[in-house]
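What the coordinates show
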Amino acid sequence: MENLDYFVNTGVTWIFAIIGTSLSGYLLFRFAIFLNKQFMRQKIIGKHKNGVLLKVSLPRYRHQSDTPNERVSQSKNKTNVAEQMFAELRAIVPQDWRKHLIYRESLSFEIVATATEISFYIFCTRDLQSFVTNTVYAAYPEADISVSSDYFSNLTKNNLSYGYVRLVGPEYAPIRTYDTMVNDSLNSVLNKLTNLRGEEMVAIQTILTPVSGSWRNKAYSYLNYLKKTQADSQIKNASQDPNSPPILSNPSQDLNIDKDAFASVEQKMNKKGFLTGVRIISSSPDPNVAKANFELVARSYTQFDVSPLTSFQPSQFSLGLNNFLSYFRLRVQPLFDFGPFKQQFIANTAEVASIFHFPGEEIQSPKVDWQKYKTAGAPAYLPTEGTFMGYNFF
């Protein structure tokens with residue numbers, strides 16, 4: 001009997017030792033990954049300090065020879081082009097197992113408005129400049145892309161009002177996209193920027209970081225919950241006394257909401273996603289005007305709300321704005337992004353393309369800095385001899 005007790009105690013001791021060792025090893029592994037990501041984050045910040053700001057301009061009318069009906073069709077497909085561009089830009093991070101071990105690179109797409117013009121920019125590290133430029137050219141062959149000096153020093157000369165647009169709702173919840181909108185979503189944002197006067201200035205930064213598909217796990221749980229809720233509601237209504245009032249106050253409406261929510265979440269899961277953050281800085285000699293401009297621009301993002309799942313709200317939560325200006329200038333993610341500090345949300349490629357895309361001929365804002373000329377390379381059949389008429393620089 002004593003031998004049996006000895007073997008049992010020894011076995012239990014070994015089991016606890018194995019469990020403890022495995023747990024300790026797992027925690028050490030996770031801690032090592034965390035340290036590695038923080039080390040890589042510092043390296044990325046160093047690269048962003050020497051990053052490049054690319055100004056992107058497009059012609060006001062891209063296809064003068066097209067018929068009006070063809071131009072309308074191209075206008076409707078414009079955001080589709082942006083979606084394809086963002087899908088290709090996900091390649092800035094590895095798509096294999098390494099993506100779980102690294103701190104991921106980000107890209108920043110920006111709209112900057114002054115009293116005289118509205119310009120569009122992309123910020124990336126110098127080692128990504130060629131890839132980003134070629135990807136934009138592939139989507140917008142008529143675009144003109146040039147390296148520009150940073151506007152941040154001019155932005156911060158006056159009184160500032162700044163913050164971010166936060167998404168209230170679960171990260172897997174959908175937002176409105178271009179295929180459900182009558183008008184171009186960009187018009188709503190740009191129209192808020194046309195009334196700037198004097199030294200007033202507004203910058204909108206949409207920072208994008210490719211993410212893996214782990215966010216879909218919560219979406220699957222939500223879809224299963226909707227299925228179970230709908231099935232339980234149908235069973236209860238079928239089993240009750242026909243002469244008694246229905247258990248659901250308005251069963252058809254509730255089931256319709258569940259059906260729409262199910263379809264929209266399922267549709268979002270079909271496309272790959274980005275961790276998306278929208279930051280806004282408003283500058284003006286008058287602090288009240290700076291705050292008013294910030295709130296006006298931030299509230300334009302409510303056009304992407306999907307009730308009752310999601311809603312966009314401007315936030316100037318003081319603790320969440322710690323190091324905000326530094327993160328904006330460096331175009332990096334916030335160090336803490338959870339709970340009350342949450343600034344970013346998950347958006348798939350279609351949703352990102354709805355939030356940000358380059359302007360087309362349907363944009364009516366008078367201050368957009370349209371392309372004034374196009375730089376082109378010399379043709380392959382350029383003659384090497386003949387009458388000399390001058391030099392051509394390209």
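Definitions and limits used
- Residues numbered from 1 in each chain as written.
- Predicted model: local features only at pLDDT ≥ 70, side-chain atom pairs only at ≥ 80, totals over all residues.
- Heavy atoms only, no water.
- Helix = DSSP H or I, 4+ residues; strand = E, 2+ residues; numbered from the N terminus.
- Buried < 20%, exposed > 50% of the residue type's maximum accessible area, 1.4 Å probe, protein only.
- Contact = heavy atoms within 4.5 Å.
- Areas by Shrake-Rupley, 256 points an atom, 1.4 Å probe, with all protein chains shown as cover.
- Phe/Tyr/Trp six-rings, centres within 6.5 Å; stacked < 30°, edge-to-face > 60°.
- Lys NZ or Arg CZ within 6 Å of the ring centre and 35° of its normal.
- Core = buried A, V, L, I, M, F, W, Y, C linked by side-chain atoms within 4.5 Å.
- Salt bridge = Lys/Arg side-chain N within 4 Å of Asp/Glu carboxyl O.
- Arc of directions from axis to C-beta.
- Patch = residues over 30% accessible without salt bridge, like charges linked within 9 Å, V, L, I, M, F, W, Y side chains within 5 Å.
- Polar contact = N/O pair within 3.5 Å; in protein donor to acceptor, adjacent residues only side chain to side chain.
- Pairing = 2+ DSSP bridges.
- Expected span 1.5 Å × (residues − 1).

This part is about the overall build of the protein. Counting its regular elements, the protein contains ten helices and nine strands. Burial analysis of the protein (394 residues in total) assigns 44% to the buried set. Intrachain contacts of the protein at a sequence separation of at least 6 include 85% that bridge at least 24 residues. When the accessible area of the protein is evaluated, it comes to approximately 21,800 Å², of which 57% is carbon and sulfur surface.

Turning our eyes to something else, we now look at the packing of aromatic side chains. Inspection of the entire model under this criterion finds 14 aromatic pairs. Arranged with centres 6.1 Å apart and planes meeting at 40°, the rings of Tyr301 and Phe304 form a pair that is tilted. Exposure class is identical for Tyr301 and Phe304. Each is buried. Aromatic side chains Phe356 and Phe358 sit 5.4 Å apart centroid to centroid with 80° between the ring planes, which places their arrangement in the edge-to-face category. Across the pair, exposure class does not vary: Phe356 and Phe358 are buried alike. An aromatic cluster of three or more residues is present, and its members are Phe86, Phe109, Phe120, Tyr140, Phe274, Phe356 and Phe358. When the ring centre of Phe123 is taken as origin, the NZ or CZ atom of Arg331, which lies over that ring, is 4.7 Å away.

Once that is clear, we can look at the nonpolar core. Of all hydrophobic cores here, the largest spans 55 residues; its most connected members are Phe86, Phe109, Ile204 and Phe358. In contact with Ile204, other than residues within four places in its own chain, are Phe109, Glu110, Ile111, Val189, Leu193, Val278, Arg279, Ile280, Val297 and Tyr301.

This structure, assessed with the given rule, holds seven salt bridges. Arg331 is the partner of Asp150 in a salt bridge, and the nearest nitrogen-oxygen pair spans 2.9 Å. One end of the pair, Asp150, is in the loop between β4 (144-148) and α4 (152-155); the other, Arg331, is in the loop between α9 (324-330) and β9 (344-348), with 181 residues separating them in the sequence. A residue is classified by how much of its surface remains accessible, and Asp150, at 34% relative accessible area, is partly exposed. Taking the relative accessible area as the measure of exposure, Arg331 reaches 1% and is therefore buried.

Before going further, it helps to spend a moment on helix α3 (residues 129-139). Among the residues making up α3, those that are buried are Val132, Thr133, Thr135 and Val136. Buried positions in α3, seen along its axis, are confined to an arc of 165° and lie on one side of it.

Our next topic: a nonpolar patch on the surface. On the surface, Leu335, Phe336 and Phe338 cluster together into a nonpolar patch covering about 320 Å² of accessible area. Examined against the element boundaries, Phe338 turns out to sit in the loop between α9 and β9.

The next thing to look at is unusual backbone geometry. The phi torsion of most residues other than glycine is negative, and most of the peptide bonds are trans. Although it is not a glycine, Asn323 sits at a positive phi angle of roughly 65°. Taking relative accessible area as the criterion, Asn323 reaches 43% and is therefore assigned partly exposed.

Of note, Asn293 is situated in helix α8 (residues 287-299). Residue classification places Asn293 among the buried positions, given a relative accessible area of 14%. For Asn293, the side chain forms a polar contact with the side chain of Glu200, separated by 3.3 Å.

Among the secondary structure elements, Phe345 is positioned in strand β9. A residue is classified by how much of its surface remains accessible, and Phe345, at 3% relative accessible area, is buried. Between the C-alpha atom of Phe345 and that of Val278, which follows or precedes it by 67 residues, the distance is 9.3 Å. If we ignore the near neighbours within four places in the chain, the residues touching Phe345 are Val165, Leu167, Phe274, Leu275, Thr276, Phe312 and Ile355.

Turning next to the pairing of strand β1 (residues 52-57). The element β1 is largely enclosed, with a buried count of five among its six residues. As judged from the five bridges shared by β1 and strand β3 (residues 118-124), these two strands associate in the antiparallel manner. Counterpart to Val56 in the pairing with β3 is Phe120. Note that β1 and β4 share five bridges and pair antiparallel. Paired with Leu53 across the strands is Ser148, a residue of β4.

Another point: α8. In this model, α8 (13 residues) spans 18 Å end to end at C-alpha, consistent with the 18 Å of a helix rising 1.5 Å per residue. Among the residues of α8, Ala290, Asn293, Phe294, Val297 and Ala298 are the ones counted as buried. Looking straight down α8, one finds its buried side chains confined to an arc of 125°; they lie on one side. Residues of α8 that are buried make contact with β5 (159-168), β6 (201-210), β7 (273-284) and β8 (311-315). Of the residues that open α8, the one with a side-chain oxygen 3.0 Å from the backbone nitrogen of Asn288 is Asp286.

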